[in-house]
Every structure is written in C-alpha cells, then in structure tokens.
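Geometric and topological summary
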Amino acid sequence: MSIAENILSIQSTLPAQVTLVAVSKTKPIAALMEAYDAGQRIFGENKIQEMAEKCEAMPKDIQWHMIGHVQTNKVKFMAPFVNLIHGVDSLKLVQEINKQAVKADRVIDCLLQIHIAEEETKFGLDEQELTSLLSSSEFKEMRNIRIVGLMGMATFTDNKNQIKKEFTHLKSIFDSFAVHNSQFTVLSMGMSGDYQLAIECGSTMVRIGSSIFGGRN
Ligand SMILES: *Cc1c(COP(=O)(O)O)cnc(C)c1O
C-alpha cells in the first residue's frame, strides 16, 4: 500500500479522541509530503536538526512533535517552532524548556515521559519523581511550559499481557494526576506494533512510523 493509503486506513480505525502522530524520522520530504497530501498535519521526529530542516522546507500548517530524548543543549533549536515535546524526563530539562520558551515568547506544551518498560535502557521518570517534579516550587513558578500529559513506551516484547500491564499502569498514573489537573489531556502511548492495544488501554495519542512509511534502516 502507498503512504497515503496507510494513513487513511490507520485514520479510519482510530477512535475520534485519538490523535495520530506520523513518525517520519529518517524519511525524505517527498514521503512526508505524500502523507501531508493525504491530510496528515502532525509529524514526529527524534532529531532536532532533521526536524528543523523539514519544518523549513514544508508547509507551515504542520505541527512538529519532538518524540526523541532531548538534550538540554538542543532545546533552543526547537523552542521557536515545536508544538509538543514528548520525552521530557527531568526538572533540569523542564527548566531549560521554560527558559527557551520565554526567549521565544511562547508557551511550549510538553509531556512527561514515564518509565513503564522492564528494560533499563528506556528513559523516563518513575511515579515518585513525577510527583516531586510537579509539586516542586521551581516548576510551579514556570509560566512558559505547560505539561499537558504523559508519554511512555512499553517493553519491546511479543508478550501482549506484559505490554497491556505496562500501558494500564501508565493509564492509571495518568488518571491519578488528571483528576487534579485540567491541563492533563494527552496520553501518548502506542507505536506501529502495539497501538491498538494502547488505545484499548486509554491512549489518546499514537506515534506511528513504520506502518505508515515502511521500515527504517
Ligand atoms: C521511532 C519511534 C516511534 C515509531 O515507531 P514505529 O514502530 O516505527 O511505529 C514511536 N515513538 C518513538 C518515541 C519513536 O522513537
């Protein structure tokens, strides 16, 4: 199937409350334009240089999501245009995003990444770190960053029960914060291999790459 057909077929299966982020990392602009022409307006990238080049070259009604791990020294390059940063996992990074957002005269929406997988390698906060970040006085004084929800990645496994357990855990953390916080509206979980399961577990935003654009090297 073509990129356009993939987009339309995935979109047709998504419930109305679920947003599709087309993960276009490593793919050429021609491929992104095919998705754009099929109506896709949200693209996810994991490298700032690549995202900035694509933003520059492509139509201005696109929303750019940074889905990769963000180094503090790269924040200044995305602050002028990024629409959502998914992988925020430290107070230091939150501070830098707020600082660069002030300079860019913007309010930048972010998701805090929660560690739900078994693997040690995946980034993210645990529940306690999340609580202490959100209740810290430093965070409460920031005016140019808005935490709109959470993001997480399940363990890379074929074991559906394991994945379901991890997504359900993330959803329960999300719900426990959302009740006190009306800005908490986005739960980013689910990729090509597990997005249907993620949606069953309460995802409101799926990040899909290979099922749209084909495999990456
Ligand atoms: C690459 C990537 C995706 C997309 O993965 P696919 O399996 O190709 O759908 C989603 N989320 C993050 C954080 C990624 O880095």
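An account of the accompanying structure is given in this report. The shown structure was predicted, so the numbers you read here are calculated from the model rather than taken from an experiment.

In terms of nonpolar packing, the biggest core is built from 64 residues, with F43, W64, I85, I97, L112, L150 and I212 touching the most fellow members. With six residues, helix α8 (residues 160-178) is the largest single contributor of residues to this core. Dropping the residues within four chain positions of it, L150 is found in contact with L111, L112, I114, L130, L170, I173, F174, F184, V186, L187 and S188. Listed in part, the eight residues of the second largest apolar core include V21, L84, M151 and V186.

Looking now at the site of the ligand. Close contacts around the ligand come from V23, K25, I67, M151, M153, M191, S192, R207, I208, G209, S210 and R216, and that covers them all. Taken together, the residues of the shell around the ligand sort by class into six nonpolar, three polar and three charged.

Take α8 next. The terminal C-alpha atoms of α8 lie 26 Å apart, and with 19 residues this matches the ideal 27 Å at 1.5 Å per residue to within 8%. Those residues of α8 lying buried are Q162, I163, E166, F167, L170, I173, F174 and F177. In a view along the axis of α8, the buried residues occupy a sector of 130°, so they form one face of it. Along α8, the residues that are exposed and aim more than 90 degrees away from the buried face are K160, N161 and K165. Tucked inside the fold, the buried residues of α8 contact β5 (108-114), α6 (127-135), β6 (145-152), β7 (186-188) and α9 (195-200). Backbone nitrogen of N161 and a side-chain oxygen of the N-cap are separated by 3.0 Å at the start of α8; the cap is N159.

Any two side chains of opposite charge can pair, on the condition that their charged atoms come close. Inspection of the entire model under this criterion finds five salt bridges. Close ionic contact of D61 with R41 constitutes a salt bridge, the shortest N to O distance being 3.1 Å. In this pair, D61 is assigned in the loop between α3 (48-57) and β3 (63-66) and R41 in the loop between α2 (29-37) and β2 (42-45), connecting sequence segments 20 residues apart. Salt bridges sharing common partners tie together E45, E50 and K54.

Two elements in contact, α6 and α8, have axes separated by 12 Å at closest approach and are oriented at 25°. Put simply, α6 runs roughly parallel to α8. Helix-helix and strand crossings are classified by hand; for α6 and α8 the assignment is right-handed. Where α6 abuts α8, its residues E127, L130, T131 and L134 lie against H169, I173 and F177. Class assignment of the residues belonging to the contact of α6 with α8 gives a composition of four nonpolar, two polar and one charged.

What counts and what doesn't
- Residues numbered from 1 in each chain as written.
- Predicted model: local features only at pLDDT ≥ 70, side-chain atom pairs only at ≥ 80, totals over all residues.
- Heavy atoms only, no water.
- Core = buried A, V, L, I, M, F, W, Y, C linked by side-chain atoms within 4.5 Å.
- Buried < 20%, exposed > 50% of the residue type's maximum accessible area, 1.4 Å probe, protein only.
- Helix = DSSP H or I, 4+ residues; strand = E, 2+ residues; numbered from the N terminus.
- Contact = heavy atoms within 4.5 Å.
- Near = heavy atom within 4 Å.
- Nonpolar A, V, L, I, M, F, W, Y, C, P; charged D, E, K, R; others polar.
- Expected span 1.5 Å × (residues − 1).
- Arc of directions from axis to C-beta.
- Polar contact = N/O pair within 3.5 Å; in protein donor to acceptor, adjacent residues only side chain to side chain.
- Salt bridge = Lys/Arg side-chain N within 4 Å of Asp/Glu carboxyl O.
- Axes fitted to C-alpha atoms, helices over the stretch in contact; angles between N-to-C directions.
- Parallel < 35°, antiparallel > 145°, perpendicular 65-115°, else oblique.
- Left-handed = near helix turned anticlockwise from the far one by under 90°.

Interpretation in functional terms is not warranted from these geometric data alone.
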